[in-house]
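Breakdown of the fold
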Amino acid sequence: AQSVTQLDSQVPVFEEAPVELRCNYSSSVSVYLFWYVQYPNQGLQLLLKYLSGSTLVKGINGFEAEFNKSQTSFHLRKPSVHISDTAEYFCAVSKSTGAYKYIFGTGTRLKVLA
Amino acid sequence: GAVVSQHPSWVICKSGTSVKIECRSLDFQATTMFWYRQFPKQSLMLMATSNEGSKATYEQGVEKDKFLINHASLTLSTLTVTSAHPEDSSFYICSARPSVAGDRTGELFFGEGSRLTVL
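Reference entry: report on the structure contained in this document.

**Re the overall build of chain B**
When you go through chain B residue by residue, the secondary structure sums to 0 helices and 11 strands. Listing every helix and strand of chain B by position from the N terminus yields β-β-β-β-β-β-β-β-β-β-β. With respect to the principal axes defined by its C-alpha atoms, chain B has extents near 45 × 25 × 20 Å. For chain B, with 119 residues in total, the buried portion stands at 49%. Of all intrachain contacts in chain B linking residues separated by at least 6 positions in sequence, the fraction that spans at least 24 positions is 57%. Working note: accessible area of chain B is about 5800 Å², and carbon and sulfur atoms make up 53% of it. Averaged over its 11 positive side-chain charges, chain B has a centre that lies 4 Å from the centre of its 11 negative ones.

Next up, the structure:
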């Protein structure tokens with residue numbers, strides 16, 4: 001079975017500072033990895049995904065993530081955050097074959113301070 | 001892009017009544033849809049996998065008689081919370097997998113969520 005760990009429940013950061021949100025996963029099979037953002041009372045919006053190929057994945061809104069197989073990590077980064085990036089961020093994993101069942105991490109609340 | 005719509009966005013009901021939430025894929029067909037439940041400040045927990053034309057597959061610990069799922073067409077899945085109680089109050093989110101032959105994108109598309117409050 002797959003599992004996802006997001007170690008940081010909350011990350012406060014000042015506006016225009018860089019940020020890294022950590023995600024580690026566990027799986028005995030090949031996986032797909034995703035980062036989603038959720039604004040209050042809304043559904044999930046895909047930021048980026050890793051399926052295969054280049055380990056550095058660029059997404060929307062200036063976010064990027066790097067897949068590190070040896071460390072089983074998929075950390076999300078942004079070089080300069082904005083107030084509007086304040087939201088909940090979820091890392092998710094699914095098997096690369098099969099029914100697309102996602103396993104979500106517990107989420108990291110990013111709070112950007114003025 | 002692919003759009004998934006949920007209705008209603010908000011619903012308040014009395015204890016003991018049943019509530020139906022719809023999940024529609026607006027511009028694509030979805031053989032498979034998923035239903036999740038999210039408690040405040042917590043992650044999404046998969047409740048069940050909804051397959052068009054067949055019975056839903058429920059995750060361990062989810063009462064299938066309590067949460068009825070129907071996937072009658074390739075663009076619509078419904079979740080009915082039967083005899084709702086205050087502890088059923090939650091944010092319910094659906095997602096859909098496009099029914100594209102050989103699809104290897106791995107991506108699901110999520111609805112906006114439906115907040116249920118049971119009084």
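What follows continues from the structure just given.
**What to know about the packing of aromatic side chains**
The geometry of an aromatic ring pair is captured by two quantities: the separation of the ring centres and the angle between the planes. Applying the stated rule across the entire model yields 16 aromatic pairs over all chains. A centroid spacing of 6.0 Å and a plane angle of 75° characterise the contact between F104(A) and F110(B), whose relative ring orientation is edge-to-face. You can see F104(A) sitting in strand 11 (residues 103-104) and its partner F110(B) sitting in strand 10 (residues 109-110), one on each of two chains. Members of the aromatic cluster, connected to one another through ring pairs, are F34(A), Y36(A), F90(A), Y102(A), F104(A), Y36(B) and F110(B).

How each quantity is defined
- Residues numbered from 1 in each chain as written.
- Chains lettered and ligands numbered in written order.
- Predicted model: local features only at pLDDT ≥ 70, side-chain atom pairs only at ≥ 80, totals over all residues.
- Heavy atoms only, no water.
- Helix = DSSP H or I, 4+ residues; strand = E, 2+ residues; numbered from the N terminus.
- Buried < 20%, exposed > 50% of the residue type's maximum accessible area, 1.4 Å probe, protein only.
- Contact = heavy atoms within 4.5 Å.
- Areas by Shrake-Rupley, 256 points an atom, 1.4 Å probe, with all protein chains shown as cover.
- Lys, Arg positive; Asp, Glu negative; His and termini not counted.
- Charge placed at Lys NZ, Arg CZ, Asp CG, Glu CD.
- Phe/Tyr/Trp six-rings, centres within 6.5 Å; stacked < 30°, edge-to-face > 60°.

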